[in-house]
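Inside the fold
Spelled out, the chains give:
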Amino acid sequence: MVHSIGVTRTSRTADKWSMIKTVGLVGILCALALTGLSWAQKSFQTTEKAPTAVLDAAAVALEFSHRTTGTYAVKPPEGVTLAWGDVNRYCIEYEGYFVSGPGGTPTKGSCPR
């Protein structure tokens, strides 16, 4: 009879639970990465549209101001520049876009002089 000192032989089965945990963790990390990528793309698209939304809101504010004061030559909302304005028309600028109104749409560029 042969005796081994310090070596014991045991039969072990595959460690299924640790493999499931590892695969689950990798799956969760992949899902988070895809969610982050999707959010970043939407955020970038929203940032591109932001100047036009700000100009639309500023145009509404100028229309309201015109109805109460009778002129477009008033202080526009913060961050928006009033390039010119009188009793009949206006032009506002924000971050490389402009609106010439009333009734204009945001356009890339600066106000016509």
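Now for a quick tour of the structure. (Residues numbered from 1 in each chain as written. Predicted model: local features only at pLDDT ≥ 70, side-chain atom pairs only at ≥ 80, totals over all residues. Heavy atoms only, no water.)

1. Comments concerning the environment of Cys111
As a reminder of what qualifies: Numbering of helices and strands starts at the N terminus; helices are DSSP runs of H or I of at least 4 residues and strands are runs of E of at least 2. Throughout, a contact is declared for two residues whenever any of their heavy atoms are within 4.5 Å.
Relative to the assigned elements, Cys111 resides in the segment after strand S4 (107-108). It is 7.4 Å that separates the C-alpha atoms of Cys111 and Val99, two residues lying twelve residues apart in sequence. Leaving out residues up to four positions away in the same chain, Cys111 has contacts with Ala83, Trp84, Cys91, Ile92, Glu93 and Phe98.

2. So, the state of the cysteines
Quick note on the threshold: Disulfide: a pair of cysteine sulfur atoms within 2.5 Å of each other. Each residue's exposure class comes from its accessible area (1.4 Å probe, protein chains only) as a fraction of the maximum for that residue type: buried when under 20%, exposed when over 50%, partly exposed otherwise.
Under the criterion given, the structure shown has one disulfide. With its sulfur 1.9 Å from that of its partner, Cys91 forms a disulfide with Cys111. The disulfide joining Cys91 to Cys111 has a torsion of about -95 degrees about its S-S bond and is therefore left-handed. You can see Cys91 sitting in strand S2 (residues 90-94) and its partner Cys111 sitting in the segment after S4, a full 20 residues away along the chain. Looking at Cys91, the relative accessible area reads 0%, which means it is buried. On the basis of relative accessible area, Cys111 is assigned to the buried category, the value being 4%.

3. A closer look at the nonpolar core
Convention followed: In this text, buried Ala, Val, Leu, Ile, Met, Phe, Trp, Tyr and Cys residues form a nonpolar core when linked through side-chain atoms within 4.5 Å.
With twelve residues, the main nonpolar core is built from Leu55, Ala58, Ala59, Leu62, Tyr72, Val74, Val80, Tyr90, Ile92, Tyr94, Tyr97 and Val99. Top contributing element to this core by residue count: helix H1 (residues 16-69), with four residues. The contacts of Val80, once residues within four sequence positions are left out, are Val54, Leu55, Ala58, Ile92, Glu93 and Tyr94.

4. Considering the packing of aromatic side chains
The geometry of an aromatic ring pair comes down to the distance between the two centres and the angle between the two planes. Put simply, the test is: Side-chain rings of Phe, Tyr and Trp (the six-membered ring for Trp) are treated as a pair once their centres are within 6.5 Å; stacked means planes under 30 degrees apart, edge-to-face means over 60, and tilted covers the remaining angles.
Applying the stated criterion to the full structure yields one aromatic pair. A ring pair is formed by Tyr72 and Tyr90, whose centres lie 4.8 Å apart and whose planes are at 50 degrees; its orientation type is tilted. Pair noted here: Tyr72 is in the loop between H1 and strand S1 (81-85) and Tyr90 is in strand S2, with a separation of 18 residues, a long-range link. On the basis of relative accessibility, which here comes to 2%, the residue Tyr90 falls in the buried class.

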